[in-house]
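Coordinate analysis (summary)
Each chain, written out:
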Amino acid sequence: MGVEGSHTYSKSGNMDKLSTPPGFVSQTTFVLRNVHQDRESSRSGQEQITGFGMDGASFKLSLHSRPWIVHDHKNPTSETLKPIKPEVRERRIQRVSNNVTLEEAPVFNPTEEEFSDTLTYTASLRDKAEPYGICCVVPPPSWKPPCLLEDKEIWEVSKFDTQVQLFDANDTMVKKEEADDDDNDDHTSESVKFCRVERGTRKTLETFKNFADSYKKKHFSAEDEVLGSKSSSTPSVKPEPIAYVEKEYRQLVESPLVEIEVLCGNDLDTRTFSSGFPLPGGPSESCKYKTSGWNLNNTAKLPASLLSFEDCESVGVPRLSVGMFLSSQLWKSEKDRLYSLCYLHMGAPRVWYSVAGCHRSKVMNLFPEMSGEQQSKMSREPVMMMSPYALNMEGIPVTRCVQYPGQYVILFPGSCYSAVNCGFNCLEKANFAPIDWLPHGDVAVHQNQEKKKRSLISYDKILLGAAREAVKHLKEYSLSKKKTADDTRWFNACGREGLFTSIVKVCMLSLPLLC
């Protein structure tokens, strides 16, 4: 059974009214016609369509209230298929709330006894600080190592290659834009800014500092003139230096209208330039600092660092970075997920921004290739920048850390970080790998294999050297009545539930079966 409906069709093209099943009655009576519109007759065509008792405005409103109607659907023609130039739109500032605050990194103040063993102390901070990806260590008051960079031969004579960071508005592009351009409060374009890195002139630390101080002075004087011109009766009040630098840095990264050019010297090899820490053969009064694990010349090759089993010399060599006002370290992650220990020898503070390793995948979705890694290649191609506050608004927790001269910063495995300098400063950095780095190193090896990248170090060689060291210390632990820190460290790592034991088991299971 069913509902029968009959209709007639006249050759003249008129259609009779059809009988409609219950529940399917249209709210508006309308007639479908095949109307051909071209550019010249578009208005006449609209008049034919709207000729059923409704004016043009009412008809347009009626159409847009029905979601099942596809508007502006046209068949492609040869003209529309031709490639056209993208429409140039006015750049709009990325919407980042000024009320966004970042979580502060933990700051630790070790005692003299705690500070005496570098890797034991850093291991004690792991559970508290690793969720942040970064932490700051303030040494005891007695820790005042001499800075060799202030020696006259190094300060006035030794030269290094500088890098020019160009923050150009012409390198800003619109990454994503909503269709509705009328509602700017709810829909804004997402501007992505780029930085070009070029090779600069060779400078000494003295000439670089003179340039940096002059640049900063001109910047502040220009700001004072602008502030003074707004209100001549009210004197301008300068904000705190760090807060002011961060405000300028946010405008630099987030606004497509700001353009500057600054110098920096990143990743300088301390073998060819100089380390800020004393080296063997120096004056006898610095003997305490020569052998310390906090001397970055010793950190990588400490007995408890697995990098001591790596023959590659470049791994254990500290790197020096020279910065100036608004020069920055673009987003970067340490190769092979190594730990990093950074010491600020002199100058203005440095502000770090870090994303912990547990959120690394979220950052990698935005930065398939880290900007800082592209920057180290000295390529003229622009590298992408991202404000730490914008990352925080994307749901990625970002930690802020302020480092002053004489303080250390520890970067944990897998963390992504960037930094901005508040003025002229010199920072030295070294990598190290305690036993708890092994799981991170295993992940780094597999990721490098998937991406067909060459690892900085040989994971298998390190694992084999660690096994030999473990056997040695386990023997000493069982025979000797006096247990050293290294003996205890390896005994705990090689227990039934120890970290090193778990890593060896995983490696054994991954080996092919021998016939």
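Residues numbered from 1 in each chain as written. Predicted model: local features only at pLDDT ≥ 70, side-chain atom pairs only at ≥ 80, totals over all residues. Heavy atoms only, no water.

The next thing to look at is the overall build of the protein chain. Tallying secondary structure elements over the protein chain gives 17 helices and 17 strands in all. By residue count, 43% of the 515 residues in the protein chain fall in the buried class. In the structure as shown, the protein chain presents an accessible area of about 30600 Å², 53% of it carried by carbon and sulfur atoms. (Helix = DSSP H or I, 4+ residues; strand = E, 2+ residues; numbered from the N terminus. Buried < 20%, exposed > 50% of the residue type's maximum accessible area, 1.4 Å probe, protein only. Areas by Shrake-Rupley, 256 points an atom, 1.4 Å probe, with all protein chains shown as cover.)

A separate point is the sheet that holds strand β8 (residues 260–269). Taken together, the ten strands give an open sheet; going across it, the order is β2-β3-β15-β11-β17-β9-β8-β4-β7-β13, and neighbouring strands pair in mixed fashion. Of all the strands in the sheet, the pair left with one neighbour each is β2 (107–108) and β13 (383–384). Here eight bridges tie strand β11 (residues 339–347) to strand β17 (residues 425–432), and the two strands are oriented antiparallel to one another. By the bridge assignment, tyrosine 339 is partnered in β17 with phenylalanine 432. Contacts between helix α5 (residues 118–129) and the sheet are confined to β2, β3 (134–137), β11, β15 (408–411) and β17, with β3 contributing the most and set at about 135° to the helix. (Pairing = 2+ DSSP bridges. Contact = heavy atoms within 4.5 Å. Axes fitted to C-alpha atoms, helices over the stretch in contact; angles between N-to-C directions.)

This part takes up the pairing of strand β12 (residues 350–355). Among the six residues of β12, six are classified as buried, and the element is accordingly described as predominantly covered. Of the two faces of β12, the one carrying Arg350, Trp352 and Ser354 and the one carrying Val351, Tyr353 and Val355 are both buried. Bridging between β12 and strand β14 (residues 399–403) involves five bridges; their strand directions are antiparallel. Paired with valine 351 across the two strands is valine 402, which belongs to β14. Note that β12 and strand β16 (residues 416–421) share six bridges and pair antiparallel. Looking across to β16, one finds that tryptophan 352 is bridged to alanine 419.

One open sheet accounts for five strands, arranged β1-β14-β12-β16-β10; its pairing is mixed. Strands with a single pairing partner mark the edges of an open sheet, and in this sheet they are β1 (103–104) and β10 (328–333). Summarising the sheet, β10 and β16 pair through four bridges and their orientation is antiparallel. Bridge pairing links lysine 332 to tyrosine 417 in β16.

The next subject is the side chain of glutamate 428. Positionally, glutamate 428 belongs in strand β17. In terms of polar contacts, glutamate 428 uses its side chain to reach the side chain of histidine 345, at 2.7 Å. (Polar contact = N/O pair within 3.5 Å; in protein donor to acceptor, adjacent residues only side chain to side chain.)

Close approach of charged atoms allows side chains of opposite charge to pair. Under the criterion given, the structure shown has twelve salt bridges. The closest approach of N and O atoms between lysine 209 and aspartate 213, which form a salt bridge, is 2.7 Å. Taken together, the residues span about one helical turn, with lysine 209 and aspartate 213 both in helix α7 (residues 205–230) at a distance of four residues. Across the pair arginine 489 and aspartate 486 runs a salt bridge, and its minimum N-O distance is 2.5 Å. With arginine 489 and aspartate 486 both in helix α16 (residues 485–493), this residue pair falls three residues apart, about one helical turn. Salt bridges linked by common partners bring Glu104, Glu246 and Arg400 together as one network. (Salt bridge = Lys/Arg side-chain N within 4 Å of Asp/Glu carboxyl O.)

Moving on, we come to the packing of aromatic side chains. Enumeration over the complete set of coordinates arrives at 20 aromatic pairs. Note on phenylalanine 160 and phenylalanine 208: the rings are 5.8 Å apart at their centroids and 50° apart in plane angle, and the pair reads as tilted. One end of the pair, phenylalanine 160, is in strand β4 (residues 159–167); the other, phenylalanine 208, is in helix α7, and 48 residues separate them in sequence. Residue classification places phenylalanine 160 among the buried positions, given a relative accessible area of 3%. Owing to a relative accessible area of 0%, phenylalanine 208 belongs among the buried residues under this scheme. Residues phenylalanine 208 and phenylalanine 424 carry aromatic rings whose centres are separated by 6.2 Å and whose planes lie at 50° to one another, so their mutual orientation is tilted. Remark: phenylalanine 424 occurs in the loop between β16 and β17 and phenylalanine 208 occurs in helix α7; sequence separation between them is 216 residues. Summarising the burial analysis for this pair, phenylalanine 208 and phenylalanine 424 share the class buried. Among the aromatic residues, those joined into a cluster by ring pairs are Phe115, Tyr121, Trp143, Phe277, Tyr289, Trp294, Tyr343 and Tyr408. One cation-aromatic arrangement involves arginine 250 over tyrosine 389; the distance from NZ or CZ to the ring centre is 3.9 Å. Above the face of the tyrosine 477 ring, lysine 483 is positioned so that its terminal group lies 4.7 Å from the ring centre. (Phe/Tyr/Trp six-rings, centres within 6.5 Å; stacked < 30°, edge-to-face > 60°. Lys NZ or Arg CZ within 6 Å of the ring centre and 35° of its normal.)

This part takes up helix α14 (residues 438–450). The terminal C-alpha atoms of α14, which comprises 13 residues, lie 19 Å apart, in line with the 18 Å expected from a rise of 1.5 Å per residue. Along α14, the residues classified as buried are Leu438, His440, Gly441, Ala444, Val445 and Asn448. One side of α14 carries all its buried residues, which in axial view fall inside an arc of 150°. Of the residues one or two after α14, lysine 452 is the one with positive phi, at around 55°. (Expected span 1.5 Å × (residues − 1). Arc of directions from axis to C-beta.)

Moving on, we come to the environment of valine 138. Turning to its location among the elements, valine 138 is positioned in the loop between β3 and α6 (152–157). Separated by 270 residues in the primary sequence, valine 138 and tyrosine 408 have C-alpha atoms spaced 6.5 Å apart. In contact with valine 138, not counting residues within four places along its chain, are Val107, Phe108, Asn109, Pro110 and Gln407.

To continue, consider the pairing of β17. Taken across its eight residues, β17 has eight buried, putting it largely inside the fold. Where strand β9 (residues 319–323) and β17 come together, five bridges link them in antiparallel fashion. Bridging from a neighbouring strand, valine 322 pairs with cysteine 426 of β17.

Another point: the confidence of the model for the protein chain. Caution applies to low-pLDDT parts of the model: their predicted coordinates are not meant to be read in detail. Averaged over every residue, the pLDDT of the protein chain is 76; residues scoring 70 or more account for 68%. At the low end of the mean pLDDT range in the protein chain sits helix α1 (residues 42–49), at 42; at the high end sits β15, at 98. Predicted confidence for residues 1–17 stays below pLDDT 50, and this span has five contacts to residues more than four positions away or in other chains. Within the model, pLDDT remains below 50 along residues 59–95, and this stretch shows 38 contacts once partners closer than five positions in the same chain are excluded. (pLDDT = per-residue confidence, 0-100.)

Right, let's talk about the nonpolar core for a bit. Core analysis: the largest hydrophobic core is formed by 57 residues, its most contacted members being Leu149, Leu205, Val322, Trp331, Tyr353 and Phe424. When residues in this core are grouped by element, the largest group, six residues, is from helix α8 (residues 241–254). Core analysis: the next-biggest nonpolar cluster, separate from the first, contains 45 residues, Val315, Ile457, Tyr459 and Phe500 among them. (Core = buried A, V, L, I, M, F, W, Y, C linked by side-chain atoms within 4.5 Å.)

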